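Coordinates in review
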Amino acid sequence: MRLILLGPPGAGKGTQAKRIEQKYNAVQLSTGDMLRAAVAAQTPVGQQAQPIMESGGLVPDEIVVAIIAERLESPDAQNGFILDGFPRTVGQAEALGRMLDEKGLSLDAVIEFTVDEDELVKRMENRVAETIAAGGQARSDDNPESFRKRLVAYREQTAPLSDYYGVKGQLKSVDGMQDIDEVTASVVTALEG
Ligand code: AMP
């Protein structure tokens, strides 16, 4: 299974990717997680990405495309993958298309989670409160200002991917505001129905 999960921050892409990884024998590839690891390790990429991520902007295409290109080569990605948070721009989608063409591979589907933005802000605030209550530390970009900026970046730079994949006939929509189990069931139906 080669799948893209599309949707704004907080729409549940990561949660759903983890839930269907085993079912489809595919690995979750989250550029957000990879970048956070690079920031934590303070690699040159991490140092460049850190201020951009904290402010809620998008890291330049060439950086994330290089990260994904390398990751797609790794053994665990050979059976299939669930892209979570990539591509986020038309340029990234085109680069992914070229990479897959070179390997003679194609995508099985692009699943878009439709969501209510005000609800996403509330979810983010709840997530932060729960993390702090559990003694953890909230993500540095989970604050109202950065989160709003991430939503704007999604609307302006990522939402056009709905049309991009729609005209290719690859896009399927799922109501991301259902409860978690219902979203998973809808994803499975979209893939198999
Ligand atoms: P995420 O965990 O997917 O919400 O990503 C967290 C942050 O990492 C985003 O707000 C961006 O700053 C950066 N990021 C993750 N994936 C990408 C991508 N594909 N393109 C550009 N920036 C990204």
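Going by the structure above, here's the rest.
These remarks concern the structure in this document. (Residues numbered from 1 in each chain as written. Predicted model: local features only at pLDDT ≥ 70, side-chain atom pairs only at ≥ 80, totals over all residues. Heavy atoms only, no water.)

Some words on the overall build of the chain
Along the backbone of the chain there are 9 helices and 5 strands. In terms of C-alpha radius of gyration, the chain reaches 16 Å, essentially the compact-globule figure of 16 Å for 193 residues. The principal-axis extent of the C-alpha atoms belonging to the chain is close to 45 × 40 × 30 Å. The buried share of the chain, reckoned over its 193 residues, is 45%. Long-range pairs, those at least 24 residues apart, make up 75% of the contacts in the chain with a sequence separation of at least 6. (Helix = DSSP H or I, 4+ residues; strand = E, 2+ residues; numbered from the N terminus. Rg over C-alpha atoms; globule rule 2.2 N^0.38 Å. Buried < 20%, exposed > 50% of the residue type's maximum accessible area, 1.4 Å probe, protein only. Contact = heavy atoms within 4.5 Å.)

Some details on the packing of helix α6 (residues 117-133) against helix α7 (residues 144-158)
Axis separation between α6 and α7 bottoms out at 11 Å; the angle between their running directions is 140°. For the element pair α6 / α7, the angle class is oblique. Crossing hand, α6 versus α7: right-handed. Contacts from Glu117, Asp118, Leu120, Val121, Met124, Glu125 and Arg127 of α6 reach α7 at Pro144, Phe147, Arg148, Leu151 and Arg155. (Axes fitted to C-alpha atoms, helices over the stretch in contact; angles between N-to-C directions. Parallel < 35°, antiparallel > 145°, perpendicular 65-115°, else oblique. Left-handed = near helix turned anticlockwise from the far one by under 90°.)

Quick word on the packing of aromatic side chains
Counted according to the given criterion, the structure contains 1 aromatic pair. Geometrically, the ring pair formed by Tyr164 and Tyr165 is edge-to-face, given 4.9 Å between the ring centres and 90° between the ring planes. On the basis of relative accessible area, Tyr164 is assigned to the partly exposed category, the value being 21%. (Phe/Tyr/Trp six-rings, centres within 6.5 Å; stacked < 30°, edge-to-face > 60°.)

What to know about the site of the ligand
Near the ligand there are 16 residues, and of these Thr31, Arg36, Gly57, Gly85 and Gln92 occur at the shortest range. In the environment of the ligand, an oxygen atom lies 2.9 Å from a nitrogen or oxygen atom belonging to the side chain of Arg36. Side-chain polar atom of Arg88 to a nitrogen atom of the ligand: 3.0 Å apart, as the coordinates give it. In the complex, the protein chains occlude 96% of the 480 Å² of accessible area that the ligand would expose alone. Tallying contributions element by element places helix α2 (residues 31-40) first for the shell around the ligand, with 4 residues. Among the residues forming the shell around the ligand, the class breakdown is 6 nonpolar, 5 polar and 5 charged. (Near = heavy atom within 4 Å. Polar contact = N/O pair within 3.5 Å; in protein donor to acceptor, adjacent residues only side chain to side chain. Areas by Shrake-Rupley, 256 points an atom, 1.4 Å probe, with all protein chains shown as cover. Nonpolar A, V, L, I, M, F, W, Y, C, P; charged D, E, K, R; others polar.)

Observations concerning the pattern of salt bridges
Tallied over the full model, the rule gives 11 salt bridges. For the salt bridge of Glu192 with Lys23, the shortest nitrogen-to-oxygen distance reads 4.0 Å. Residue Glu192 is found in helix α9 (residues 180-192), and its partner Lys23 is found in the loop between α1 (13-20) and β2 (27-30); the two are separated by 169 residues along the sequence. The exposed category is assigned to Glu192, whose relative accessible area is 51%. Note that Asp142 is salt-bridged to Arg150, the shortest N-O span being 3.0 Å. Shared partners join several salt bridges into a network, and the residues in it are Arg127, Arg139, Asp141, Asp142 and Arg150. (Salt bridge = Lys/Arg side-chain N within 4 Å of Asp/Glu carboxyl O.)

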